[in-house]
Amino acid sequence: MRRLILALSAFISLSCTQPQKQAEAPAGPVFKPRAATKGLSLEHAAERSLRVSNVDYTLAFQIGEGDDFGGQAAISFDLKHKSHPLTIDFNDGRVTKLKINGQDAPIVYNGMFLTLEPALLVEGANSVEIAFTHPYSKSGSGLYKFTDPEDKRVYLYTDFEPYDSNLLFPQFDQPDLKAAFTMTVEAPADWIVVSSVRESAVKDNSKVKTWSFPKSARFSTYLFSLHAGHYKVWESKAGDIPLRLFARQSLAKYVQPEEWFTVTKQGFEFFNEYFDYEYPFVKYDQLIVPDFNAGAMENVGAVTFSERFVQRGKSTAEERERRANTLLHEMAHMWFGNLVTMKWWNDLWLNESFATVMAYIAAQEATEFKKSWQSFFTGTKQWAYWEDQLVTTHPIVTHVPDTTQAFVNFDGITYGKGASALKQLSFLLGAKEFRNGVRKYFKKYEFANAEMADFIRALEDGSGRELGGWTAEWLNTSGLNTVEARFECKADKITAFRLVQSAPQAYPTVRTHKTQIGLYGPVGDKVKELRVVPVTYSGADTNVSVLVGQPCPLLVYPNHDDYDYVKVSLDGNTIRAAQTSLAKIDDPLVRIMFWQTLWDMVRDQQLHLTAYAGLVLENAKSEKELKNLKFVLDTLVGRWNNDASVMYYMNEGTEKAKLAARIENFIWSGLERAEIGSDFQKLWFDSYVKVARTKAAQANLTQMLDDKIQFSGLELDQDRRWNTLYALSAHGAAGTAARIKKELTRDPSEKGQQAAIAAEAASPDQSTKRKWFSTIAAPKTSLSLARLRSAMRGMFPTHQTSLRFSFKDEFFDKLLKLAPVKENEFLTTFAEHLAPMGCTE
């Protein structure tokens with residue numbers, strides 16, 4: 001799984017083909033030589049999968065503390081025909097020996113793939129033996145090596161999706177050539193080694209141990225893994241499934257293993273029953289690993305997680321829920337993605353969307369986190385809504401010509417809109433019918449590859465409904481529909497009610513939706529639902545006659561419980577009533593949906609920014625739902641750097657300064673009122689750090705760091721101390737540089753190193769900016785990608801728009817020079833966080 005947002009994706013390849021002369025048909029499909037470029041094209045993958053089958057890998061690795069690792073790969077496979085060369089993927093390594101069918105063979109290797117000449121192959125069973133070496137990864141992809149700066153212990157892990165498994169060993173690196181894997185690993189004696197199966201033997205050879213792993217189930221290469229090092233390990237069981245959890249030794253004291261195991265056990269109990277298919281692999285390990293590029297990755301039986309899921313203070317309820325959700329997302333992949341796998345990366349959306357929506361279902365049904373769908377609305381769905389309104393939006397289903405495009409597709413449409421569409425589809429079909437289709441899918445395609453059409457057919461079989469029209473409307477079109485309820489009342493009764501649907505001019509499809517219309521009115525001193533009516537609507541105008549004669553409501557919302565994926569435009573009466581009744585709305589989900597719609601109106605220039613800020617300042621102080629308060633405060637101060645917010649949108653000047661001071665005082669007041677030791681207290685503090693722009697606010701933060709101002713129950717844990725220093729540095733507070741150095745002696749951990757880099761890079765000092773830009777943009781550097789990304793993410797805080805824009809010429813110059821030589825993970829961060837942003841002609 002990747003949680004990546006691309007700010008720029010501007011490279012489109014066009015190719016032309018000339019008509020071929022009539023010739024005698026070869027034994028297989030028409031062959032085109034593979035271009036000597038990085039990555040794998042759909043065209044070549046499809047051609048190879050027609051020829052190659054029954055793949056097995058027997059692997060041996062020699063790993064240690066050097067710069068390179070060694071290995072031997074024995075590949076057995078069946079070949080349908082040998083009319084032309086066959087390629088084996090292996091990027092940036094060194095091949096030292098090659099045997100084909102027992103005979104020494106010349107090594108034809110261009111640094112990206114090996115080419116096997118037809119004369120050395122046979123039609124039928126083949127064997128290829130390759131000896132190789134490869135440098136450890138510095139980017140986090142492939143086999144990554146990390147040395148802990150605190151204790152010098154070493155940790156290795158792999159990360160492969162979509163096309164990086166061939167950074168570990170030579171192979172056919174495409175999802176539809178599933179294989180079984182047998183492996184031995186020679187590693188330092190004090191290391192532990194982890195893969196998709198448990199070791200069958202460990203032989204002690206004094207300074208090294210040889211770990212033997214038996215033959216695995218058949219799965220795709222991107223799901224294979226090899227992890228090793230000085231990991232701390234905890235063990236448990238989920239029924240008959242052995243469980244382990246791993247983390248760095250220096251981080252282990254912050255890990256809560258029982259909570260990880262509790263959610264894991266709850267997840268297995270739920271998924272085994274929901275899917276009606278027992279967990280298909282032999283064990284389940286979870287590894288918390290350093291410098292991980294993504295949130296987590298669903299390797300078969302050995303899932304990796306970013307260390308950001310470990311807090312160095314007491315985790316808030318939101319942090320615990322986010323961790324549980326990610327854990328359940330990766331577990332869902334064990335069935336959807338690992339047991340049944342997409343044939344090619346055009347179905348990446350389905351892989352990720354299904355796991356996303358299933359994680360929320362499982363959290364809601366099987367864990368303590370009973371407000372999971374509220375989190376879906378405020379998180380995943382907002383990501384989708386945001387990206388679907390940008391010029392870079394695209395259909396959920398897209399053509400993926402190569403693995404580079406597959407990497408780009410890890411976005412809010414793939415995850416958020418796809419998951420929202422599946423939630424809408426489950427509501428349309430019925431939850432039971434949706435589940436029945438999913439069960440049929442797993443039984444029919446177990447340990448095989450499938451396409452979206454296969455999944456849709458399974459849902460049709462499970463529900464008895466035809467879905468061709470739904471697929472065309474929802475999966476093959478771009479853009480976000482808007483719906484508005486229009487109604488009339490007379491004598492306090494509804495006399496007419498209809499839903500009006502529209503679409504943006506660029507993407508004119510108006511879809512068929514199933515939703516619930518909520519009517520709300522005063523009940524005592526609260527505003528509660530009076531009537532909820534399920535409705536299917538389509539086209540531009542849908543009459544809802546069932547509501548005629550109902551009491552005239554105070555508020556109307558045409559997406560009650562959030563089953564629909566649609567932007568809501570409130571009618572005039574509801575807009576006026578909502579602004580005076582927000583705090584009285586009883587249902588937290590209904591309340592936050594009204595808040596979201598009002599915030600949409602700000603972004604659509606239908607509600608003035610200061611008017612919205614006034615609503616927040618008036619209503620948020622009485623908000624009792626933590627999720628809602630966080631969402632609303634984030635619209636004031638931003639969730640992340642340069643995120644949409646009141647403070648981001650305000651023009652510089654006196655008006656902004658006055659509003660910023662009001663917001664500062666409002667949030668400080670919330671911190672003073674917050675319950676001692678509560679998550680509300682932490683939330684108010686975290687929001688204050690983001691908005692602290694005045695000298696008075698910076699003085700407050702400085703005194704809190706020095707314990708001169710204290711709030712009972714509020715611990716400034718190490719991560720919050722760094723966040724505070726980042727804010728002080730970003731605003732040029734006096735003495736911050738010295739404070740950063742001092743804090744680094746207090747926290748020399750890798751997290752501390754990265755936080756110090758971000759804080760220094762945030763300084764508004766032009767020479768500091770120049771220093772870090774030069775370091776980031778250098779073709780080669782001794783800094784790890786993780787530390788470079790910390791610098792890039794921290795370099796331009798929200799208020800430094802003009803400083804960011806001053807680097808516009810250098811940015812584009814360096815982007816063009818770095819694109820051919822830097823990894824995708826670097827380029828993603830470089831583009832997202834350093835691209836010039838500003839409202840200029």
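Preceding this section is the structure that the text describes.
Draft legend 1. Molecular detail of helix H13 (residues 588-603). If you check H13, its first and last C-alpha atoms are 23 Å apart, about what 16 residues at 1.5 Å a residue would give, namely 22 Å. Counting buried residues along H13, 14 of its 16 residues qualify, which places the element largely inside the surrounding structure. Looking at where H13 begins, the residue whose side-chain oxygen comes 2.9 Å from the main-chain nitrogen of Leu589 is Asp587.

Draft legend 2. Structural view of the layout of surface pockets. What the second largest pocket holds in volume is close to 540 Å³. Residue lining of the second largest pocket: 24 residues in total, with Gln364, Glu365, Trp373, Lys423 and Tyr563 positioned closest to the centre. For the lining of the second largest pocket, the secondary structure elements donating two or more residues are helix H2 (257-274), helix H4 (348-366), helix H5 (372-378), helix H8 (412-429), helix H9 (431-445) and H13. For the lining of the second largest pocket, the class distribution of residues is twelve nonpolar, four polar and eight charged.

Draft legend 3. Structural view of the state of the cysteines. Considering all chains together, one arrives at one disulfide under this definition. In this model, Cys489 is linked to Cys552 through a disulfide, with the two sulfur atoms separated by 2.0 Å. On the sign convention where negative means left-handed, the S-S torsion of about 90° between Cys489 and Cys552 marks this disulfide as right-handed. In this pair, Cys489 is assigned in strand S22 (residues 482-490) and Cys552 in the loop between strand S26 (541-543) and strand S27 (555-557), connecting sequence segments 63 residues apart.

Draft legend 4. Summary view of unusual backbone geometry. Of note, the amide linkage connecting Glu161 to Pro162 takes the cis form, showing an omega dihedral of 0°. In this structure, Pro162 sits in the loop between strand S9 (154-159) and strand S10 (179-188). Located in the positive-phi region is Asn54, a residue other than glycine, with phi close to 50°. Along the chain, Asn54 turns up in strand S1 (residues 52-62). Even without glycine at this site, Asn642 takes up a positive phi of about 60°. On the accessibility criterion, Asn642 (19% relative accessible area) is buried.

Draft legend 5. Fine view of the sheet that holds strand S13 (residues 208-213). Overall, mixed pairing links the eight strands, which are arranged S5-S4-S7-S2-S1-S10-S13-S12 in an open sheet. Looking at which strands have only one partner, the edges of the open sheet turn out to be strand S5 (103-104) and strand S12 (201-205). Two strands pair when backbone bridges link them, and S12 and S13 are joined in this way by five bridges, in the antiparallel orientation. When the bridges of S13 are listed, Asp204 appears paired with Lys209. Against the sheet, helix H1 (residues 42-51) contacts S1 and strand S2 (68-79), and its axis sits at roughly 100° relative to S1.

Draft legend 6. Region of interest: the side chain of Ser137. Checked against the element boundaries, Ser137 lands in the loop between strand S7 (124-135) and strand S8 (142-147). Within the structure, the side chain of Ser137 is placed 3.1 Å from the backbone nitrogen of Gly140, a separation counted as a polar contact. A polar atom in the side chain of Ser137 sits 2.6 Å from the backbone oxygen of Ser141. The contact partners of Ser137, leaving out residues within four places of it in the chain, are Gly142, Leu143, Tyr144 and Lys145.

What counts, and where the lines are drawn
Residues numbered from 1 in each chain as written. Predicted model: local features only at pLDDT ≥ 70, side-chain atom pairs only at ≥ 80, totals over all residues. Heavy atoms only, no water. Helix = DSSP H or I, 4+ residues; strand = E, 2+ residues; numbered from the N terminus. Expected span 1.5 Å × (residues − 1). Buried < 20%, exposed > 50% of the residue type's maximum accessible area, 1.4 Å probe, protein only. Polar contact = N/O pair within 3.5 Å; in protein donor to acceptor, adjacent residues only side chain to side chain. 1 Å grid on protein atoms, 1.4 Å probe; cavity = no way out; pocket = protein on both sides within 12 Å on 5 of 7 lines; lining within 4 Å. Points joined across faces, edges and corners; volume = space filled by probe spheres on them. Nonpolar A, V, L, I, M, F, W, Y, C, P; charged D, E, K, R; others polar. Disulfide = S-S within 2.5 Å. Pairing = 2+ DSSP bridges. Contact = heavy atoms within 4.5 Å. Axes fitted to C-alpha atoms, helices over the stretch in contact; angles between N-to-C directions.

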